[in-house]
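Structural description and commentary
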Amino acid sequence: MSRLASPLCVAILAVFILPAHSFYLPGVNAVNYADGDELEVKVNKITSTKTQLPFDYYHLPFCKPDSIEYDAENLGSVLQADRASNSLYKMDMRKPKQCQVVCRKELEAGDLQGFSDRISEEYRVNMMLDYLPLATPRLREEGEPPRLVKTYQMGYSLGQMGGDDLPSSMPESAYLNNHLSFTVLYHEDSDFEGARVVGFEVEAISVQHKYEGEWNDAKPPAISTCDTSKTGGSVPFGMHVPMSVTPKEGGKLIASARHAHPFCMSHSFSSFSLCPPPSLLSTLPLCLSLLRGTSVGLSTC
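Criteria and cut-off values
Residues numbered from 1 in each chain as written. Predicted model: local features only at pLDDT ≥ 70, side-chain atom pairs only at ≥ 80, totals over all residues. Heavy atoms only, no water. Helix = DSSP H or I, 4+ residues; strand = E, 2+ residues; numbered from the N terminus. Areas by Shrake-Rupley, 256 points an atom, 1.4 Å probe, with all protein chains shown as cover. pLDDT = per-residue confidence, 0-100. Contact = heavy atoms within 4.5 Å. Disulfide = S-S within 2.5 Å. 1 Å grid on protein atoms, 1.4 Å probe; cavity = no way out; pocket = protein on both sides within 12 Å on 5 of 7 lines; lining within 4 Å. Points joined across faces, edges and corners; volume = space filled by probe spheres on them. Nonpolar A, V, L, I, M, F, W, Y, C, P; charged D, E, K, R; others polar. Phe/Tyr/Trp six-rings, centres within 6.5 Å; stacked < 30°, edge-to-face > 60°. Buried < 20%, exposed > 50% of the residue type's maximum accessible area, 1.4 Å probe, protein only. Lys NZ or Arg CZ within 6 Å of the ring centre and 35° of its normal.

Our focus in this paragraph is the overall build of the protein chain. When helices and strands are tallied, the protein chain shows four helices and 14 strands. Summed over all atoms, the accessible surface of the protein chain reaches about 16200 Å², with 52% contributed by carbon and sulfur.

Shown next as structure tokens:
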């Protein structure tokens, strides 16, 4: 009986140095997207290394669709407590947008307490795009002489407690990351039409978003705290007041994604080469793209 290879990135890289062009693992085959095709973001569990106790995403009062549909479970998802479901986060392939309102949600004192408790317990939010996990990029110095190396942390932090490292915050108060900026990494190749998603990154921040006039769900007003017309198309993340979820007498949650707040979001797209410098061969997007069976021969890079 043959042994099953461990799905480590190192092992996958070793396979691709051989003359073979690609391989396939059930459930992770790549999908080719044309420009403008809809990309659906799935939400998963929230997790904490502090408590080791996962919760369903909608355990907290996030913005949610009218009908929540959970993906069919398999043995692997059950063992890992995964339960992916649909969300309000939508985007179109290679059609970047800034400051898109996901929803506006009224929060009662109990809702605020729920967010506050999970933030103090250092929970992280997990999502997926095309079944690739969302990750937060980080740069750190390694080697001698020092060089910057890009690393990843799974998901994004639900929020953070106030302190010196969070401007305009109050100690002992919890602040929700309600503005998400997504970057979708994609790959193109002459062997197939369209583009394949090979990475899904996020930058999450807390912003007490503001708007003028009356709120209309059908046509949300412009978010004055996210005015890209004054910043050359980029979202300003310098001086802003974070959004507190420390219970008082209730409050309002605005969410969007930079890919999110009143909840808001924004999203951009970046081409990703499958023949990067050797120093980047261990990065998450490459490892995941190889697992998806993307054709590439590293020996020819």
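Another point: the confidence of the model for the protein chain. Here the protein chain shows a mean pLDDT of 75. Residues at 70 or above account for 68%. Confidence, expressed as mean pLDDT per element, reaches its minimum in the protein chain at helix H1 (residues 9-16) with 35 and its maximum at strand S8 (residues 156-157) with 97. Ignoring residues within four places in sequence, the model shows residues 1-26, a span with pLDDT below 50, making 31 contacts including any to other chains. Below a pLDDT of 50 lies the segment residues 274-301, which in the model reaches 70 contacts outside its immediate sequence neighbourhood of four places, other chains included.

Here we come to the environment of Ser270. Relative to the elements of secondary structure, Ser270 occurs in strand S14 (residues 263-271). With sequence-adjacent residues up to four places away left out, Ser270 is seen in contact with Thr183, Val184, Leu185 and Tyr186.

Attention shifts here to the state of the cysteines. Taken as a whole and judged by the stated rule, the model has one disulfide. Here Cys63 is linked by a disulfide to Cys103, with a sulfur-sulfur distance of 1.6 Å. Measuring handedness by torsion sign, the sulfur bridge of Cys63 and Cys103 sits at about -50° and is left-handed. With Cys63 in the loop between strand S1 (38-47) and helix H2 (75-79) and Cys103 in strand S3 (residues 100-107), this residue pair connects regions lying 40 residues apart in the sequence.

Put simply, the second largest pocket is a space of about 360 Å³. Around the second largest pocket sit 23 residues that line it, and Pro137, Ser181, Val202, Glu203 and Ala204 are the ones nearest its centre. For the lining of the second largest pocket, the secondary structure elements donating two or more residues are strand S6 (135-142), S8, strand S11 (179-187), strand S12 (196-205) and S14. Per-element accounting of the lining of the second largest pocket gives the leading share, five residues, to S12. Taken together, the residues that form the lining of the second largest pocket break down as six nonpolar, eleven polar and six charged.

Now for the packing of aromatic side chains. On inspection of all chains with the given rule, the structure shows seven aromatic pairs. Between Tyr57 and Tyr58, the aromatic rings sit 4.9 Å apart at their centres with planes inclined by 85°, giving edge-to-face as the arrangement. Assessed through its relative accessible area of 2%, Tyr57 is described here as buried. On the basis of relative accessible area, Tyr58 is assigned to the buried category, the value being 12%. Ring centres of Phe62 and Phe115 lie 5.3 Å apart, and the angle between their planes is 80°; on these two criteria the pair is classed as edge-to-face. On the criterion of sequence distance, the pair formed by Phe62 in the loop between S1 and H2 and Phe115 in helix H3 (residues 109-120) is long-range, its members being 53 residues apart. On the basis of relative accessible area, Phe62 is assigned to the buried category, the value being 3%. Looking at Phe115, the relative accessible area reads 0%, which means it is buried. Members of the aromatic cluster, each reached through a chain of ring pairs, are Tyr57, Tyr58, Phe62 and Phe115. The positively charged end of Arg118 is found above the aromatic ring belonging to Tyr123, 5.8 Å away from the centroid. The positively charged end of Arg196 is found above the aromatic ring belonging to Phe192, 3.8 Å away from the centroid.

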